[in-house]
Amino acid sequence: MAKIKKGDLVQVIAGRDKGMQGRVLQVRDDRVVVEGVQRVKKHTRVGRTDRGGTTGGIETVEAPIHISNVMLVGPDKKPIRVGFREVEVERNGRKKIMRERIGRRGGEEIEL
């Protein structure tokens, strides 16, 4: 289970955008794309559409940032460490052990 998921509010703790907060747009392997963070200029080839308009040029996009450089933001808008707790859940008459994410500071469950 991942400590950081798509849709989480995170804060950057290292790099040029240190201190900025944003929502996670995408998670790939050990990298995350955060809204409004790590913005870079991307040069795209100029082309034409069927209607005659032009596409391409220089656009600003969010680049991936390593997952170790972000921390989850808790309900009090401060970064918190994430841990896991095993909970026994009963479904269809069967007991199943599931893991839930918890904040290490207060021990409360973290939900999206």
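Presented here is an overview of the structure given in this document. Just so it is clear, the model here is predicted, and its values are computed rather than measured.

Strand order in the open sheet formed by six strands is 6-3-2-1-7-8, with antiparallel pairing between adjacent strands. A strand with exactly one partner marks an edge of an open sheet, and here the two such strands are strand 6 (65–66) and strand 8 (79–80). Relative to strand 3 (residues 31–34), strand 2 (residues 21–28) runs antiparallel, the two sharing four bridges. Within strand 3, the position partnered with Val27 by the bridge is Val32.

The next point concerns the pattern of salt bridges. Taken as a whole and judged by the stated rule, the model has five salt bridges. Ionic pairing is found between Arg101 and Asp8, a salt bridge with its closest N-O pair at 2.8 Å. On the criterion of sequence distance, the pair formed by Arg101 in strand 10 (residues 94–103) and Asp8 in the segment before strand 1 (9–12) is long-range, its members being 93 residues apart. A residue is classified by how much of its surface remains accessible, and Asp8, at 4% relative accessible area, is buried.

The exposure class assigned to Arg101 is buried, which follows from its relative accessible area of 4%. A polar side-chain atom of Arg101 sits 2.8 Å from the main-chain carbonyl oxygen of Lys3. Side chain to side chain, Arg101 and Asp8 meet in a polar contact 2.8 Å long.

What counts, and where the lines are drawn
- Residues numbered from 1 in each chain as written.
- Predicted model: local features only at pLDDT ≥ 70, side-chain atom pairs only at ≥ 80, totals over all residues.
- Heavy atoms only, no water.
- Pairing = 2+ DSSP bridges.
- Helix = DSSP H or I, 4+ residues; strand = E, 2+ residues; numbered from the N terminus.
- Salt bridge = Lys/Arg side-chain N within 4 Å of Asp/Glu carboxyl O.
- Buried < 20%, exposed > 50% of the residue type's maximum accessible area, 1.4 Å probe, protein only.
- Polar contact = N/O pair within 3.5 Å; in protein donor to acceptor, adjacent residues only side chain to side chain.

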